[in-house]
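Results of the structural survey
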Amino acid sequence: MTEISNYKLLFNINSPADIRNLSVEELKVLCSEIRQYMIDVISEIGGHFGGGLGAVELTVALHKVFNTPDDKLIWDTGHQAYPHKIITGRRDLLKTIRQLNGISGFLKRSESEYDVFGAGHASTSISAALGIAVARDLKKTNQKVIAVIGDGAMTGGMAYEAMNNSGLIKSDLIVVLNDNQMSIAPNKWQLSNYFTEVISHPEFNKLKGAIWDLTGKLDQFGDRIRKAAVRLEHGIKAIVTPGMLFEALGFRYFGPINGHNIAQLIKIFEHVKNLSGPILVHVITEKGKGYKPAETHTQKLHAAIPFDKITGEAIKKSVTTPTYTEIFGKALVEIAKENPDVVGITAAMPDGTGLDYLQKEFPERYFDVGIAEEHAVTFAAGLATQGIIPVVAIYSTFLQRAFDQIIHDVALQNLHVVFALDRAGLVGADGPTHHGAFDLSYLRLIPNMVIMAPKDEAELRNMLFTAINYKDGPIAIRYPRGNALGVTISDKFEYIPIGKSELIQAGSDIAILALGSMVDYAKKATQILLDNGIHPEIINARFIKPLDNEMLKNIAERFEKIVTLEENTLIGGFGSAVVEYFSDNNYKNDILRIGLPDKFVEHGTQQQLHNLLGIDPQGIAYKILKFINKNIVNKGIVA
Ligand SMILES: Cc1ncc(C[n+]2csc(CCOP(=O)(O)OP(=O)(O)O)c2C)c(N)n1
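Structure report, in brief. From a predicted model like this one, the values you see are computed outputs, not experimental measurements.

A count of helical and extended segments in the chain gives 25 helices and 19 strands. Here the C-alpha radius of gyration of the chain, 27 Å, is about what a compact globule of 639 residues would show, namely 26 Å. Per-residue burial over the chain gives 50% buried out of 639 residues. For the chain, restricting intrachain contacts to residue pairs at least 6 apart in sequence, the fraction spanning at least 24 positions comes to 78%.

All right, on to the site of the ligand then. In the vicinity of the ligand there are 23 residues, among which G51, A122, G150, G152 and A153 approach most closely. Broken down by class, the residue content of the shell around the ligand amounts to nine nonpolar, 10 polar and four charged. When residues of the shell around the ligand are assigned to domains, at least three fall in each of domain 1 (4-304) and domain 2 (324-478).

Another point: the sheet that holds strand β10 (residues 389-393). Read across the sheet, seven strands follow the order β9-β8-β10-β11-β13-β12-β17 without closing on themselves; strand pairing throughout is mixed. Because the sheet does not close on itself, it has two edges, and the strands there are β9 (366-368) and β17 (543-545). Across the sheet, the mean angle from the axis of one strand to that of its neighbour is 20 degrees, orientation sign disregarded. With four bridges joining them, strand β11 (residues 418-421) and strand β13 (residues 475-478) adopt parallel strand pairing. Pairing of L421 across the sheet is with R478, part of β13. Its contacts with the sheet place helix α20 (residues 457-469) against β8 (342-346), β10, β11, β12 (450-452) and β13, and it is angled at close to 165 degrees to β13.

The next subject is the packing of helix α1 (residues 24-45) against helix α3 (residues 56-65). The geometry of α1 relative to α3 is characterised by a closest axis approach of 9 Å and an angle of 130 degrees between their N-to-C directions. Comparing their axes, α3 and α1 come out oblique. Judged by the twist between their axes, the crossing of α1 over α3 is right-handed. Taking contact as the criterion, the partners of L27, L30, C31, I34 and R35 in α1 are, on α3, V56, E57, V60 and K64. Here the residues of the contact of α1 with α3 are counted per class, giving six nonpolar, no polar and three charged.

Among the residues making up helix α22 (residues 549-558), those that are buried are M551, L552, I555 and A556. All buried residues of α22 project into a common sector of 135 degrees when viewed along the axis, lining one side. Of the residues in α22, the exposed ones pointing more than 90 degrees away from the buried face are E550 and E557. Looking at the buried residues of α22, the elements they touch are β15 (510-514), β16 (536-540), β18 (561-569) and α23 (574-584).

The next subject is α20. Its 13 residues place the ends of α20 18 Å apart at the C-alpha level, agreeing with the 18 Å of an ideal helix rising 1.5 Å per residue. The element α20 is extensively covered by neighbouring structure, given that 11 of its 13 residues are classed as buried. Those residues of α20 not exposed but buried are E457, E459, L460, R461, N462, M463, L464, F465, T466, A467 and I468.

With that settled, consider the pairing of strand β2 (residues 72-75). Neither face of β2 is exposed, since K72 and I74 on one face and L73 and W75 on the opposite face are all buried. In this structure, β2 lies alongside strand β3 (residues 145-150), joined through four bridges in parallel fashion. Bridge pairing in β3 links I74 to A147.

So, about the pairing of β8. Of all five residues that make up β8, five are buried, and the element is covered over most of its length. The two faces of β8 match: V342, G344 and T346 on one face and V343 and I345 on the other face are all buried. The pairing of β8 with β10 spans five bridges and is classified as parallel. Within β10, the residue paired with T346 across the bridge is A393. Summarising the sheet, β8 and β9 pair through three bridges and their orientation is parallel. For T346, the partnering residue across the bridge sits in β9 and is D368.

Moving on: the sheet that holds β15. Pairing in this open sheet of five strands is mixed, and the strands run β14-β16-β15-β18-β19 from one edge to the other. Each edge of the open sheet is held by one strand with a lone partner, namely β14 (502-505) and β19 (590-596). Averaged over all pairs of adjacent strands, the angle between strand axes in this sheet comes to 25 degrees, irrespective of strand direction. Strand direction decides the pairing type here: β15 and β16, joined by five bridges, are parallel.

Further remarks concern the nonpolar core. Ranked by size, the top nonpolar core spans 177 residues in total, and within it V392, L464 and A514 carry the most contacts. With eight residues, the single largest contributor to this core is α1. Those residues in contact with L464 that sit more than four places away from it in its chain are F328, A331, L332, I335 and I477.

Cis geometry marks the peptide bond from G255 to P256; its omega dihedral reads -5 degrees. Within the secondary structure layout, P256 lies in strand β5 (residues 252-258). Following K545, the chain continues into P546 via a peptide bond in cis, with omega recorded as -5 degrees. Take P546: it is sitting in the loop between β17 and α22. For K140, which is not glycine, the phi torsion reads 55 degrees and is therefore positive. Tracing the chain through its elements places K140 in the loop between α5 (125-139) and β3. Backbone geometry places N414, a non-glycine residue, at a positive phi of 50 degrees. Looking at the secondary structure, you find N414 in the loop between α18 (403-411) and β11. We classify N414 as partly exposed; it has 13 C-beta atoms within 10 Å.

Now for the environment of Y37. Within the secondary structure layout, Y37 lies in helix α1. Separated by 31 residues in sequence, Y37 and N6 place their C-alpha atoms 9.6 Å apart. Once you skip the residues sitting within four places of it in the chain, Y37 turns out to touch T2, L10 and I86.

Time to look at the environment of Y253. With respect to the secondary-structure elements, Y253 resides in strand β5. Overall, the presence of 26 C-beta atoms within 10 Å leaves Y253 in the buried class. For Y253 and V281, which are 28 residues apart along the polypeptide, the C-alpha to C-alpha distance reads 6.1 Å.

Calculation rules
Sequence order as written defines the numbering, with residues in each chain counted from 1. The model is predicted, so local features are restricted to residues of pLDDT at least 70 and side-chain atom pairs to those at 80 or more, both for listing and for counting; the totals for chains, interfaces and linings are taken over all residues. Labels follow the DSSP assignment, with helices taken as runs of H or I lasting at least four residues and strands as runs of E lasting at least two, numbered in each case from the N terminus. For a compact globule the rule gives 2.2 Å times the number of residues to the power 0.38, and the radius of gyration it is set against comes from C-alpha atoms. Labels follow a simple rule on C-beta atoms placed from the backbone: if 20 or more others lie within 10 Å of a residue's own, it is buried; if 12 or fewer, it is exposed; otherwise it is partly exposed. Residues are scored as being in contact if the C-beta atoms we place from backbone atoms lie within 7 Å. Whether a residue is near a molecule or strand depends on its C-beta atom, placed from the backbone, lying within 6 Å of it. Gly falls in the polar group here, along with every residue not listed as nonpolar (Ala, Val, Leu, Ile, Met, Phe, Trp, Tyr, Cys, Pro) or charged (Asp, Glu, Lys, Arg). Boundaries of every domain are those given by an automatic assignment or by a domain database. Note on pairing: DSSP must find at least two bridges between two strands before they are called paired. Only the contacting stretch of a helix is used when fitting its axis, a line to C-alpha atoms as for every element, and angles between N-to-C directions run 0 to 180 degrees. Put simply, angles under 35 degrees are roughly parallel, angles over 145 are roughly antiparallel, angles from 65 to 115 are roughly perpendicular, and the rest are oblique. Two helices crossing with the near one rotated counterclockwise from the far one by less than a right angle form a left-handed crossing, whereas a clockwise rotation gives a right-handed crossing. Throughout, the arc means that of the directions going from the helix axis to the C-beta atoms. A helix is expected to span 1.5 Å for every residue after the first. Residues enter a nonpolar core if they are buried, belong to Ala, Val, Leu, Ile, Met, Phe, Trp, Tyr or Cys, and are joined to the set through C-beta atoms within 7 Å.

Structural data, given as structure tokens:
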């Protein structure tokens, strides 16, 4: 379906320069072709979808009016930038998006000169754009700087820190607020309600024309009159437009503009292009625009797995085991039914974290705080001071944002907050911005923190039960993205003694201390080791902090060579903790640490990445055989 003959214009567009001479009518055709191309490609390979569909006209208008890449266009989060990629020379590469060696699903500086600032995590664009604008001022050049931020990303505090600073610095900067009233889930942005109220007010609509007239004429005046008029404009707008907050922060507000009307978008961008100081253009768009299933099922088609183009229904390959996310979400509801003090907190990811189950069952004990990870943690700390048991469910990668809140607001006061870190380890297609590669390192150094990782879904349930019933302080569980192993689950919960590991299989030649997802890989690697005459002892560490010192002592005394296995960066992770124990206790055993390298791992499937890094069962077995100087005589087959 992506044959060139189906498209009149799209395949002539190899860079934004090619769209600058097109008429408005031609641009409309181009926009519908970009949509069709996105539908054709993404229905086959999956990827972020709804945000991009809604930003097509906006993207085309920005590249038409501004002289990219000299003018600097900075996208927030990056999942909505597929149209941007398509018209900046990566149209044909879209078929490779999020695949091993293919283009990234987000913005990436090394990928294109049009990707001015890398993204993946939300709410960074205004800060980055201000930095770029100030650098321009210092270097006395004159590029335009434009940040595009979604209403979802506006729930992140950093956006306001950046706006406040922009208002102080007064550098020339245009912020485009792409307002589709959706985050992934319905947005939790309080200002949305305010905008809706103002915009639908009849007085606003009467006055709007007059205000824009004034705004349009301002720049024709001389300096003194202009200054006075600008003040007047600010004053009037502050009273009658929805931009009061932005005006108060020092931005000139323009909007709201219909974000699917390309002619109007071009007109407003042409107008604000030459204005000075911080400008905010408020654009209203519809997520999923132009593709009915994505307009209707906005949340489901924010990001899609391959789907039927007609119905929008996902094409599922086969019946699979439940995901860790589902297991967690359902277990939380079971525990919450018994314990009325338990509440759940998500930062804009109800489905992603499995908290949607709690939302349905106990809406009053469920809190979506928006993309506000720092706030989520301190909010939880406040709840915990009053005897509530907050379960903060945040992906490993996004909890990085709340490092100080975990230390200062939770751990220092030794508050009982439960952290549930989904997507710990390599996440696959989302790549380096989203891999959960660092949580063991950033949590392990915090006093009072207990950290667990389950070997399978049954253990995840028991760890959640343990964490909720452990009253002595902060406690974290990290578990991987994707389907669980399919083990039998008991409907009874079991408390796991804090700091106790589990012997999986006794052995005599080498000890493998495995953590979380790596326990299963260690078991699978055993066959190759056995084929080569090596009998490993396998231990499920369960706890990274506190470590099971009794087990470590026993292992140190029985084995000369020890291997640690983890899906976390080797720096400061589980292996580091074990090495510290050995060093502190004067043990001289040989230790091999297997885990993630000290580099950012690219995107690909989880399996491909494990294989490339030698942390799949086969790679693990080979590394162990090399460690004990064994020639590999039998390569073995791993399921
Ligand atoms: C710090 C952080 N938390 C959570 C996410 C997950 N996330 C990705 S996109 C998104 C919604 C963004 O909404 P918005 O900015 O309005 O963009 P839209 O998709 O609506 O265009 C969320 C919550 C993230 N990328 N970064």
